Amino acid sequence: MYITSLSLEDVRIIKSCDLSFDQGVTAFVGDNGQGKTSLLEAMFWTSHAKSFRHVSNDDVIRKDCDFAKIELHLTDGQRPQDIVATINRVGRAGVFVNGQRLKRNRDLATTLRVSVFTPDDLEIIKGSSSFRREILDDALHQISPKYVAAYSDYQRTLKQKNALLKDQHIDFSVLDVLNTSLAVSGSQVLKSRLNALSTMRETLQSSYRHIADDEPMVGMRYISKIFGNDHGEDIDPDEDQNVEALQELFLEKINYYKDIELRRAHSVVGPHRDDLFLSIDDRDTRTQASQGEQRTMALALKMALHYVVHNATGDNPVLLLDDVFSELDLGRTHRLVESLPSAQTFVTTATELPSTLKVDKIFQVKNGEISSSS
Ligand SMILES: Nc1ncnc2c1ncn2[C@@H]1O[C@H](COP(=O)(O)OP(=O)(O)OP(=O)(O)O)[C@@H](O)[C@H]1O
Ligand SMILES: [Mg+2]
């Protein structure tokens, strides 16, 4: 799919703009603080109903304005579609897809698929496990409405269970019902995540090796108490096991951790606590890799997730590359350019564009105004 046009009103520094795009590579060029990232942020918003900067919707609305408006047109090669969003300071945002009001914002994920790369991606490697779960789940959300449903069932039940665990007088029959329900939705989440890992492993290694111009063993393990042994050691799950087996295992582990959960008054086992362990030649990328290696791993991981979505849907998500080249050495920059998938691509830069990047259209961004320069 690709984006054919973007119109904004009162999004951050941008008062208004009307831009149209082709399928190839579009660059937004300009000094710092002029509105380049805001353009990518607006595109991302229409696929996620939130910003990729981990900020509230309020921050996206231009200062002193009541609402921001984003209108985006796209085509999946067969039919045109449009997403129109009004982001308010109070109340829920109103999102319309092809003129129909969207009931659940989470349904946007399969309407416009995007893969975003930002300098903050370093957090995926260095930060807490929630960052790693988030990108994995984000890719899976783009693949299937079934995953979206299982994931939100799981989150809802988890909330109920955590509330119950905090009760003075716990009704254990209710706890049993919630645990069974958690195992049903949680095993579907697990199954999808394990499938994604099997699919992406090869791309992760080849992308890493290509960008780094080196041949290390790149490792990726799914870490979960569900697969841990009685000594608390992490055991690699069988990625091919079926959802019924996962459900049984998960329920077993919930029972195993029951006393601890009651004592701590929250759920300690399940996909909401799981992690990805990434390594380069058996070195933990989180604690034993250089900044450049961590950045390369983050890029390779995003590339592999893009592949997972492409492999499952046949669609090539739109690439949003926010300032990614500025942090890389020249060799890595060119090798990253070489390994980019052939998707519609938007790049931003405050400096030079890589000489090997074939750019089809350049926009200058200055003080929130965007003008075409080619
Ligand atoms: N809600 C808002 N209302 C008005 N202006 C805002 C708002 N939020 C951010 N800004 C301003 O918008 C400007 C553009 O921000 P943006 O992050 O898009 O810049 P950029 O061109 O990507 O810069 P850089 O090259 O430094 O990444 C900044 O000067 C910022 O202070
Ligand atoms: Mg920026």
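For the structure itself, consult the block above.
Residues numbered from 1 in each chain as written. Chains lettered and ligands numbered in written order. Predicted model: local features only at pLDDT ≥ 70, side-chain atom pairs only at ≥ 80, totals over all residues.

## Concerning the overall build of the protein chain
Alright, step 1. Each helix and strand counted, the protein chain has ten helices and 15 strands in total.
Alright, step 2. Here the C-alpha radius of gyration of the protein chain, 22 Å, is about what a compact globule of 374 residues would show, namely 21 Å.
Alright, step 3. Oriented by its inertia axes, the alpha-carbon framework of the protein chain measures out at about 65 × 50 × 40 Å.
Alright, step 4. Sorting the 374 residues of the protein chain into buried and exposed places 40% on the buried side.
Alright, step 5. Counting only contacts in the protein chain whose residues sit at least 6 apart along the sequence, the fraction spanning at least 24 positions is 71%. (Helix = DSSP H or I, 4+ residues; strand = E, 2+ residues; numbered from the N terminus. Rg over C-alpha atoms; globule rule 2.2 N^0.38 Å. Buried ≥ 20, exposed ≤ 12 C-beta atoms within 10 Å, placed from the backbone. Contact = placed C-beta atoms within 7 Å.)

## Considerations on the packing of helix H6 (residues 172-212) against helix H9 (residues 291-313)
Alright, step 1. Between H6 and H9, whose axes approach to 8 Å, the crossing angle comes to 135°. Regarding the angle of H6 to H9, the classification is oblique. In this structure, H6 crosses over H9, and the sense of that crossing is right-handed. Every residue of H9 that contacts H6 at Ala196, Thr199, Met200, Thr203, Leu204, Ser207, Tyr208, Ile211 and Ala212 is listed here: Thr296, Met297, Leu299, Ala300, Leu301, Met303, Ala304, Leu305, Tyr307, Val308 and Asn311.
Alright, step 2. Residue composition of the contact of H6 with H9, grouped by class: 15 nonpolar, five polar and no charged. (Axes fitted to C-alpha atoms, helices over the stretch in contact; angles between N-to-C directions. Parallel < 35°, antiparallel > 145°, perpendicular 65-115°, else oblique. Left-handed = near helix turned anticlockwise from the far one by under 90°. Nonpolar A, V, L, I, M, F, W, Y, C, P; charged D, E, K, R; others polar.)

## Notes on the site of ligand 1
Alright, step 1. Around ligand 1 there are 18 residues in total, and Ile13, Asn32, Gly33, Thr37 and Ser38 lie nearest to it.
Alright, step 2. Of the residues forming the shell around ligand 1, the biggest block, three residues, is contributed by helix H1 (residues 36-48).
Alright, step 3. Split into classes, the residues belonging to the shell around ligand 1 amount to four nonpolar, eight polar and six charged. (Near = placed C-beta within 6 Å.)

## So, the pairing of strand S14 (residues 361-366)
Alright, step 1. Sheet topology note: the strand S3 (residues 25-29)/S14 ladder contains four bridges and is parallel. What sits directly across from Ala27, in S14, is Ile362.
Alright, step 2. Across four bridges, S14 lies against strand S15 (residues 369-372) in antiparallel orientation. Across the sheet, residue Val365 finds its bridge partner in S15, namely Ile370. (Pairing = 2+ DSSP bridges.)

## Comments concerning the packing of H6 against helix H10 (residues 330-339)
Alright, step 1. Contact geometry of H6 with H10 gives a least axis separation of 7 Å together with a crossing angle of 140°. Taken together, the axis directions place H6 and H10 in an arrangement best described as oblique. Contact residues: Ser207, His210 and Ile211 in H6; Arg332, Arg335, Leu336 and Ser339 in H10.
Alright, step 2. Partitioned by chemical class, the residues of the contact of H6 with H10 number two nonpolar, three polar and two charged.

## With respect to the sheet that holds strand S1 (residues 2-11)
Alright, step 1. Here six strands make up an open sheet; going across it, the order is S2-S1-S4-S5-S6-S7 and the pairing antiparallel. Each edge of the sheet is formed by a strand with only one pairing partner; in this case those strands are strand S2 (14-20) and strand S7 (100-101).
Alright, step 2. Relative to S7, strand S6 (residues 94-97) runs antiparallel, the two sharing two bridges. Among the inter-strand pairings, Phe96 is bridged to a residue of S7, identified as Arg101.
Alright, step 3. Packing against the sheet, H1 makes contact with S1, S2, strand S4 (67-75) and strand S5 (80-88), and its axis sits at approximately 110° to S1.

## What about helix H4 (residues 129-143)?
Alright, step 1. Along its 15 residues, H4 runs 22 Å from first to last C-alpha, staying within 8% of the 21 Å computed at 1.5 Å per residue.
Alright, step 2. Considered for burial, the residues of H4 that qualify are Phe131, Arg132, Leu136, Ala139, Leu140, His141, Gln142 and Ile143.
Alright, step 3. In the core, the buried residues of H4 are packed alongside helix H3 (122-126), helix H5 (145-165), H6, strand S10 (275-280) and H9. (Expected span 1.5 Å × (residues − 1).)

## Some points on H9
Alright, step 1. The terminal C-alpha atoms of H9, which comprises 23 residues, lie 33 Å apart, in line with the 33 Å expected from a rise of 1.5 Å per residue.
Alright, step 2. The positive-phi residue at the C-terminal boundary of H9 is Gly314, with phi of around 80°.

## A few points about the nonpolar core
Side chains of a nonpolar character, in soluble globular proteins, are inclined to be buried together.
Alright, step 1. Formed by 96 residues in total, the largest nonpolar core has its most connected members in Met43, Met297, Ala300, Ala304 and Leu320.
Alright, step 2. Looking at this core, the element that brings in the most residues is H6, giving twelve residues.
Alright, step 3. Here Leu320 is in contact with Leu40, Met43, Phe44, Val114, Val116, Phe117 and Phe346, once residues within four sequence places are set aside. (Core = buried A, V, L, I, M, F, W, Y, C linked by C-beta atoms within 7 Å.)

## Here's the deal with the pairing of strand S8 (residues 114-117)
The side chains of a regular strand alternate between the sheet's two faces.
Alright, step 1. Both faces of S8 are covered, namely the face carrying Val114 and Val116 and the face carrying Ser115 and Phe117.
Alright, step 2. Taken together, the four bridges between S8 and strand S12 (residues 318-322) define a ladder with parallel strand orientation. Directly across from Val116, in S12, lies its bridge partner Leu320.

## Examining the sheet that holds strand S9 (residues 218-223)
Alright, step 1. Read across the sheet, three strands follow the order S9-S10-S11 without closing on themselves; strand pairing throughout is antiparallel. Every other strand in the sheet has two partners, leaving S9 and strand S11 (283-284) as the edge strands with one partner each.

## Some details on the environment of Glu123
Alright, step 1. With respect to the secondary-structure elements, Glu123 resides in helix H3.
Alright, step 2. Its 17 C-beta neighbours within 10 Å are what place Glu123 among the partly exposed residues.

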